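# Close look at the chain arrangement
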Amino acid sequence: MSAQTDTAPVQVPGAIVQSVKAFVAAHGKSATAVLQPIGRLGVRVTLVGEDGILGDRVVADLATAKELVNRVDGLTEADEWNRELVSIVTPRKGHWAKMAGWVAHQKRFPKARNER
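The model shown is predicted, which means the values in this text are computed figures rather than measured ones. All residue numbers here refer to positions counted from 1 along the written sequence of the relevant chain. Confidence filtering applies because this is a predicted model: local features only for residues at pLDDT of at least 70, side-chain atom pairs given and counted only at 80 or more, and all residues used for totals across whole chains, interfaces and linings. Note: side-chain values were computed over all heavy atoms of the structure, leaving out hydrogens and water.

By definition, a salt bridge exists where a carboxyl oxygen of Asp or Glu is found within 4 Å of a side-chain nitrogen of Lys or Arg. Taken as a whole, this structure holds three salt bridges when the rule is applied. Its salt-bridge partner being aspartate 56, residue arginine 44 comes within 2.8 Å of it at the nearest N-O pair. With arginine 44 in strand S2 (residues 43–49) and aspartate 56 in strand S3 (residues 54–59), this residue pair connects regions lying 12 residues apart in the sequence. For aspartate 56, a relative accessible area of 38% puts it in the partly exposed group. Of the charged contacts, one joins glutamate 67 and arginine 71 as a salt bridge, the two residues approaching to 3.6 Å between their closest N and O atoms. Here arginine 71 and glutamate 67 lie together in helix H2 (residues 62–71), a separation of four residues that amounts to about one turn. The partly exposed category is assigned to glutamate 67, whose relative accessible area is 25%. Note on conventions: DSSP H or I runs of at least 4 residues are helices, E runs of at least 2 residues are strands, and numbering of each starts at the N terminus. Think of it in three bands: with a 1.4 Å probe and only protein chains considered, a residue is buried below 20% of the maximum accessible area for its type, exposed above 50%, and partly exposed in between.

Dropping the structure here:
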């Protein structure tokens, strides 16, 4: 007797699919996705548009991330960050400040703890 396992189809939230489709359409009709597990939070899907602009979404797990890549026309999965992919990345103006959060707007910083 063989054991059969019924696996439910992976559900990708519609809002995420639509936002990724919009990203691909706005940035050259094709994009590359790098899937990066981030622990209990899920998987970060980093998008690199044909024009080099970065985007990202977070999904529940790797199966959902792979299904997202399959659902979006023009989106391909990269195995890893490689030289060719990194060389086309051109972040938007202000991207670094956005990623730095509150630190980006600071004028003064506390002294390092290891300084006397």
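Read on, since the account is not over.
Candidates for patches are residues over 30% relative accessible area with no salt bridge; among them, like charges are joined within 9 Å and nonpolar side chains (Val, Leu, Ile, Met, Phe, Trp, Tyr) within 5 Å. For the area figures, the Shrake-Rupley method with a 1.4 Å probe applies, and any residue is considered shielded solely by the protein chains shown. Side chains of Ile38, Leu41 and Val58 sit close together on the surface and give an oily, nonpolar patch of about 270 Å² of accessible area. Positionally, valine 58 belongs in strand S3. With a relative accessible area of 40%, valine 58 lands in the partly exposed category.

Moving on: helix H1 (residues 14–26). Given a rise of 1.5 Å per residue, 13 residues ought to cover 18 Å, and the 18 Å separating the end C-alpha atoms of H1 matches this to within 8%. Taken together, the buried positions of H1 are occupied by Ile16, Val17, Val20, Phe23 and Val24. End-on, the buried residues of H1 take up no more than an arc of 125°, which puts them together on one face. The exposed set on the far side of H1, more than 90 degrees from its buried face, consists of Ala15 and Ala26. Contacts were defined at the residue level, with two residues in contact if any of their heavy atoms lie within 4.5 Å. Each element contacted by the buried residues of H1 is listed here: strand S1 (31–37), S2, S3, H2 and strand S4 (75–78). Directly beyond the C-terminal end of H1, a positive phi value near 105° is found at glycine 28. The length a helix should cover is 1.5 Å for every residue beyond the first. Directions from the helix axis toward the C-beta atoms define the arc.

Right, let's talk about the sheet that holds S3 for a bit. Neighbouring strands of a sheet are bound in pairs by backbone hydrogen bonds; such pairs are parallel or else antiparallel. Strand order across the open sheet formed by four strands is S3-S2-S1-S4, with mixed pairing between neighbours. The strands lining the two open edges of the sheet, one partner per strand, are S3 and S4. Each adjacent strand pair in this sheet contributes to an overall mean axis angle of 30°, direction not counted. Relative to S2, S1 runs antiparallel, the two sharing seven bridges. For valine 34, the partnering residue across the bridge sits in S2 and is threonine 46. Against the sheet, H1 touches S1, S2, S3 and S4, its axis set at about 165° to S3. Paired strands, as defined in this entry, are two strands with at least two bridges between them according to DSSP. Note on geometry: axes are lines fitted to C-alpha atoms, helical ones only across the stretch in contact, with angles between N-to-C directions running from 0 to 180 degrees.

With that settled, consider H2. For H2, the set of buried residues is Thr64, Ala65, Leu68 and Val69. Along the axis of H2, the buried positions cluster into a sector of 140°, meaning they face one direction only. The inward-facing, buried residues of H2 abut H1, S1, S2, S3 and S4.

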